[in-house]
Amino acid sequence: MESIAFYYGQKVICIDADFSDLPPNYQIIFKFPTEGSRYRIRSVCPDNALLLEEIRNEFVQFPSGTKCEPGFYSERFKIYTPPDTDKCKIKRPFSESSF
């Protein structure tokens, strides 16, 4: 799978919100992204995990001793591309002289 270079302020869409593999207590403690929802990147962690502007979780202590806010795997997101507005342009109505 191709790696995407995410950056601060970028808009992304969640494409994988299946967190069922996490322990049940995580489901109660943490907030998670919703599949199909749009988010703005607040930070890209050294391990390429994403922190999102719209979701903030409490800091946790990892087995390594590091204490920080857990991020979400970048593979769960794709870059948001706004709809092509050219396809939405209203064309002039036909007049009788145009036939």
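Residues numbered from 1 in each chain as written. Predicted model: local features only at pLDDT ≥ 70, side-chain atom pairs only at ≥ 80, totals over all residues. Heavy atoms only, no water.

What am I meant to see in the overall build of the chain here?
Helix and strand content of the chain: one helix and six strands. The order of helices and strands in the chain, counted from the N terminus, is β-α-β-β-β-β-β. Restricting the contact set of the chain to residue pairs at least 6 apart, pairs at least 24 apart contribute 51%. Summed over its atoms, the accessible surface of the chain is roughly 7,900 Å², and 55% of this surface lies on carbon and sulfur atoms. (Helix = DSSP H or I, 4+ residues; strand = E, 2+ residues; numbered from the N terminus. Contact = heavy atoms within 4.5 Å. Areas by Shrake-Rupley, 256 points an atom, 1.4 Å probe, with all protein chains shown as cover.)

Quick question: what am I supposed to make of the side chain of Asn 57 here?
Note on placement: Asn 57 falls in the loop between strand S3 (50-52) and strand S4 (60-61). Accessibility expressed as a relative area gives 10% for Asn 57, which makes it buried. A distance of 2.7 Å separates the side chain of Asn 57 from the backbone nitrogen of Lys 31, its partner in a polar contact. Those residues in contact with Asn 57 that lie beyond four places of it in its chain are Ile 29, Phe 30, Lys 31, Glu 69 and Phe 72. (Buried < 20%, exposed > 50% of the residue type's maximum accessible area, 1.4 Å probe, protein only. Polar contact = N/O pair within 3.5 Å; in protein donor to acceptor, adjacent residues only side chain to side chain.)

For this particular structure, what's the right way to read the confidence of the model for the chain?
Residues shown with low pLDDT carry predicted positions that ought not to be read at fine detail. Averaged over all residues, the pLDDT of the chain equals 86, while 82% of them reach at least 70. Within the chain, strand S1 (residues 11-14) carries the highest mean pLDDT (98), whereas helix H1 (residues 24-29) carries the lowest (78). (pLDDT = per-residue confidence, 0-100.)

How should I be thinking about the sheet that holds S1 in this particular structure?
Picture the strands of a sheet paired through backbone hydrogen bonds; they go either parallel or antiparallel. Pairing in this open sheet of four strands is antiparallel, and the strands run S3-S2-S1-S6 from one edge to the other. Each of the sheet's edge strands pairs with one partner strand only, and the pair in question is S3 and strand S6 (77-79). In this sheet, neighbouring strand axes are inclined to one another by 55° on average, regardless of whether the strands run parallel or antiparallel. In terms of strand pairing, strand S2 (residues 38-44) meets S3 through three bridges, oriented antiparallel. Bridging across to S3, Ile 41 finds its partner in Leu 52. (Pairing = 2+ DSSP bridges. Axes fitted to C-alpha atoms, helices over the stretch in contact; angles between N-to-C directions.)

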